Each structure stands twice: as structure tokens, then as C-alpha cells.
Amino acid sequence: MKKVKLNIDKEALQRFFLEHSEKLLFGIVVIGAGMIAFLAVTKASYDKTPAELQQGAANARRHIDSTTWKDVEHLYEAPDYVAVVDLSTTPINPNDYALDKPLDQPIFKDMAKRGLPTDLLTVEDLRTAAGRSAYTTGAAVAAGQSNVRGIRWVVITGTFREADQAAFFEQYYRKTGQHDAKVDVAQYVGYEVQRAEVTGSAAAALQWQNLKVDDTLRWMKTLQGQREKLVADEYINPAIECELLVRHNLEGQDPWPSAIVPDAIPSTLVKEPETPPGGAAQPVVPGTGPGPVRLDPFGNPLSDDNPLATAPPKADPAADPAADPADEAKPQRKMFRFFDVLAKPGKTYRYRARLLLKNPNFGMEARYLKEDDYSAHIPGFKPAAADPAATDPAGTDPATAGAAELVKSETICTDWSQPSEALVVPRDTRLLAVTVSPPSPGRENPPSGKVMIINWVNTSGIEAKREFPVSRGKVINFQGYKFPEIRKTSEEREAERERRDRERRGLRPKRVPKRPKGEVDPIDLDYMTESLVVDLRPGQRSSSRDTMPGPGEILVMNPDGSLAVLNELADLAAYEDYTDTEADAKRQAIESGEVPELPTGDDDEGGLPFEE
């Protein structure tokens, strides 16, 4: 089928209207006249006659003429213009036009503004202990020197309630606006530790100083060796727990003190009771068996097979049914630990700590936060001084931290913990009473004695020992000694006598031969205790027949002014530990070069790179 095309000719249309316009106009007029005629015929006619219309008009005129003002006066009452004026001058009360509800009703419920939970849980049960260890540093050393060093440390431990903190965050932020379940969580990112030196005045205020936590942790990662593990992973948050120091030669180190792990945390330091003869080990139940019962952080007794497993309690018919183990919460308490490796011997310190968490309000608009003082929970915030012009001429530092400052901080902090008890860091020297000799018969000379000084060599992480004579009123300080003490052979003693003889005669002394390879050059060492011998008392016999006198005693005054009594019998076990064959074997091994030789540097602080 052929498609029809519409072709419009403009000239043809113009010609059509020019030729037929009169006809079109005439048709429109005829149609209009017809419509008027149609309407005239179909419209309803008026039902009154002209005579009736005239009669009605006459009646209306007579009614108007006969009506007086008195007849209509009651229909019109003049307004009280005085009242109208008074009303126009009276102020309008806007409360009369107030709307009970706003016109733009919110689509969603108006949530509370955000802030910080009131329950920011800090470290609890803070305690401290001091000690010394040898460690292997990863730093390069000069040829012929050892990378073994010694370090003094103070360990600070405690616990914190991680599960409770997570619950407090969830309960608080779910009721606030802009809630995001992935952001509004208690996420630990670190901690801060402060220490204060305790002076002699009890009334002196503690001057708290920040410890270099990040520098200490970075330094500890450079230590070589295998780290010890004392606590199960479920009781540790890696962001909070400082790992144990890597110690050199574990067999020769003193055991860790019990304070290295808080009491509330199960640890392998606590030895399980041995199985009684003739029977298998029974679960430990509270109230049964001798001695204290070991409990986990939930208060449940620990079994003998696994120090982290709990033993079933006694059945109680009246108790509720046992809960499903799958519904049990995670450990309520986790371990906090940090090592202060810059503690000075002889000083007395107290410590405190606080935890750092990720700030859920970081980067948020301040209008969503309620105005409050967040100064105590923004790490590093320093309020403006009393005289702002002195420290802040531009006047930009606020006196308190409000919502505007909170949204700029990536972290928040808890309150400081309660300070720990005062801890005295042991001095590097230790005294042992060796002998106390009575006066010579027939003489009035005072008694004399001998003490052993054990000196911690911080540059090598070992202990040097030497015996010295003491007398009443003598300060126990001895300078100019060598360690290790190398005994001279008969040939060396003869060469020494010949050298002194040649010097006495003014001759040039012979050249001293070099020490053979494999032997260690001793280091210069001073045995400085700063202790004063107050008195000595020889051992007393109980009777004239008693051939063995009792132990002698030496009364010394320590550098801090305190008095201490050194007793031969009390120090005997420790003295034998330092003088037995094993100790002599270790000394000989050092002299022969079988163990790392001693460095000759002057760094008495163990080479810590971040110490001021």
C-alpha cells in the first residue's frame, strides 16, 4: 500500500481565504442569529403582569414613606468608639497566637546529642616490682666487644575491664544521634604511664612526669632472643600489654617476681600442687583442701590439669540450671603491663597509668555533640593560662575543651588510675657479712670484720663480687679495682718485682708483653656502697664451755639514712651461692673467653637510646 503524504501549499491557503472570506463571515453571522432565536424561544417568561408590577412598586413606596427612625432604631447600635480606640492601643500578646506543635514536624525521632560515656574505665589494682636483667641488643658493637648489656627495670602491672567498657559504649551510643555500630565501639589504641619521685617530705606534692612509652616499646622490639610467655592470649590485648623483656642467658637470671602478672590473671608462674602419693589429682573446689584457692578472673576455681581451665563447683540442688558454656562471656579482666627501664637505683617512685581509646566522635560535626568539658579526656590538651597574652597572644587556645576540640582528637583517654604504693629501686650494690673478728687478746683495739660487696655491672649485665675488710666508722667505698679479677702467675709476679726494682734504680722498665689471645681485658670497677659501718659485734658464746660462738653482726647506715644489720648466719646461704664451685667456674669461663667478654665503654645506663 502506498503511503499518503501530506503536502501543504502556503500560497494555495492564502488564495483560498482571499476568495472565500465573505462566505465564511456570513456563515458565522447566520449561526449566531440562530442561537439567539433558539434561546429566546426556550427561556421561561415572567409570570407577573405589568399592572401587578406597578401595584407592587406602589406598596413598597408607601411602606418606606410610613416608616420612622424609631421603628428601625433597635436594628442599629452605634459602636463604642472609646473601647475601639483602647483596643487598638493595647499590645498584642504573642502567646495567644502560639502554635502548640511546629508546622514542620520531624520525620524521625529527635535523638540525644553525642558526647562521651560517663563510665570510662581505667587501670585497676596497680602494683610494681623492681629488678635487673641482662639482655642482648641488636645494635652493632665494635670488634672484641659484646652486645650483652644489663638493665634496671620497674614493672608496673594492673588489670582493666575490657568487656564492661565495650558494654558501656554500646549502651550509651545506641541512644544518640548519628549512631554507627561499626564506629561507636570501645577500641583500645594504647596507654600512658607517669611516675613521681617520692621525697623525704611526706607533705610534698607528687610531681608527675610522663614516661616515654612509645620509645620504650620500640627499643624492646630491637632486643634479640625468644620472649617468654606467662599468660594465655585471651587475657591479653596487644595494644595494652607490654611484652616481657627478652633476657639473655635465662638459666643465669633470677626468676620473674610474682608482680610481673596481676593476681587476677592466671599465669604459669603459679605452680600447680603435686599429685598426692597413691592417688590422682582431684579438682580444687572452694572451701576444700589446705592453702589458698587459685581463682580465675570470674571467681571460679582453677583445675590441676590446666591452669586456665575451671573446675566444676559443687552441685547445689537449689541453684539455677547451669548456663550454656557457649553463652559465657569473655574474660572480664585483662592484663596491663609496662616496664620502666629508666628507673634510677636508690630512688623511690610511685606510678599511675591511663588507657587510650579511639574517639568515636572524631571528624563529626560539632553540632551533633552536646556542649561539655572534655578537657580530662583529650590526651595532650593544655588549657589556656591565666594570662593568655603570655602563652597565646592570638587568643586561640580555649580554657576548656568543648565539642569543637573533641571532634578534632583521634583518641580519648580514661582518668588516671590510683597511684601505686611507693617502691624503692634497689641500689646496684649489695652487702653480705662474711666474718666479724673480736679484738685481739690483751689489746683494746675495736673488733674488725669482712664484708662481700656484690656490684651489678650495668654495662654487661653481670654481678661482680669482692671481699673487703671493714671497721667501725668506715665508709664502705673501694675504688680502683679490676673485674674480673685475674690472678697473676709466679712468672708475672716476678716480672712485676723486677719492673719495680728497675724503676727504683732509675732504669727503663722492661716492656710488658701483651696478654695472650682468648683472655679478656678486665674493666675498671669501683665498689661504692656509700654505707657507713656504725658498729660491729662478734659472735657471743652462750657459756664458757661453748666452743662455737654465735654469728657476728655488722650495723650499717644506708645512704638514705636507714639502719640495717648484716648477720653472718643470715647471709651465709647467699655468700655460699657467690663462692661455690659453680660461681668459680663461671668466673673462669669469663676469664678464658668462653662467654661474651665485657665491654669497656663508659655507658652506665645500658645504652638506651632514648634516655635523656
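Residues numbered from 1 in each chain as written. Predicted model: local features only at pLDDT ≥ 70, side-chain atom pairs only at ≥ 80, totals over all residues. Heavy atoms only, no water.

I keep staring at the sheet that holds strand β10 (residues 448-457) and nothing clicks. Help me out?
The strands making up a sheet are joined through hydrogen bonds of the backbone, oriented either antiparallel or parallel. On the basis of which strands lie adjacent, the open sheet formed by three strands has the order β9-β10-β11 and antiparallel pairing. Strand pairing shows two members of the sheet lacking a second neighbour, β9 (429-437) and β11 (462-471), which therefore form its edges. Here the average twist between neighbouring strands, direction ignored, is 20 degrees. In this structure, β9 lies alongside β10, joined through eight bridges in antiparallel fashion. Bridging from a neighbouring strand, S437 pairs with S448 of β10. On top of the sheet, helix α10 (residues 572-579) reaches β9, β10 and β11; it is set at about 105 degrees to β9, its chief contact. (Pairing = 2+ DSSP bridges. Helix = DSSP H or I, 4+ residues; strand = E, 2+ residues; numbered from the N terminus. Axes fitted to C-alpha atoms, helices over the stretch in contact; angles between N-to-C directions. Contact = heavy atoms within 4.5 Å.)

Mind showing me how you'd approach the environment of F168 here?
Inspection of the secondary structure puts F168 in helix α5 (residues 162-173). Along the primary structure F168 and A186 are separated by 18 residues, whereas in three dimensions their C-alpha atoms are 8.6 Å apart. Beyond its immediate sequence surroundings of up to four residues, F168 is in contact with D119 and L121.

Before we go on, may I ask you to explain the nonpolar core in this structure?
Across soluble globular proteins, nonpolar side chains show a tendency to be buried alongside one another. Within the largest apolar cluster, 62 residues are counted, with the highest numbers of intra-cluster contacts made by Y191, V193, W219, F336, F338 and F339. Elements that contribute at least two residues to this core include exactly β1 (124-136), β2 (148-160), α5, β3 (188-197), α6 (213-221), β5 (334-340), β6 (348-358) and α8 (403-406). The leading source of residues in this core is β2, at six residues. Apart from residues no more than four positions distant in its own chain, F338 is found in contact with V154, V155, I156, Y191, V193, L211, V213, T216 and C242. Counting 20 residues, the second largest nonpolar core, distinct from the first, contains V457, A464, F478 and V533. (Core = buried A, V, L, I, M, F, W, Y, C linked by side-chain atoms within 4.5 Å. Buried < 20%, exposed > 50% of the residue type's maximum accessible area, 1.4 Å probe, protein only.)

How should I be thinking about the environment of N237 in this particular structure?
Residue position: N237 is located in the loop between α6 and β5. Along the sequence, N237 and Y188 sit 49 residues apart, while their C-alpha atoms lie 8.3 Å from each other. Excluding residues within four positions of it along the chain, N237 makes contact with F160, E162, Y188 and K334.

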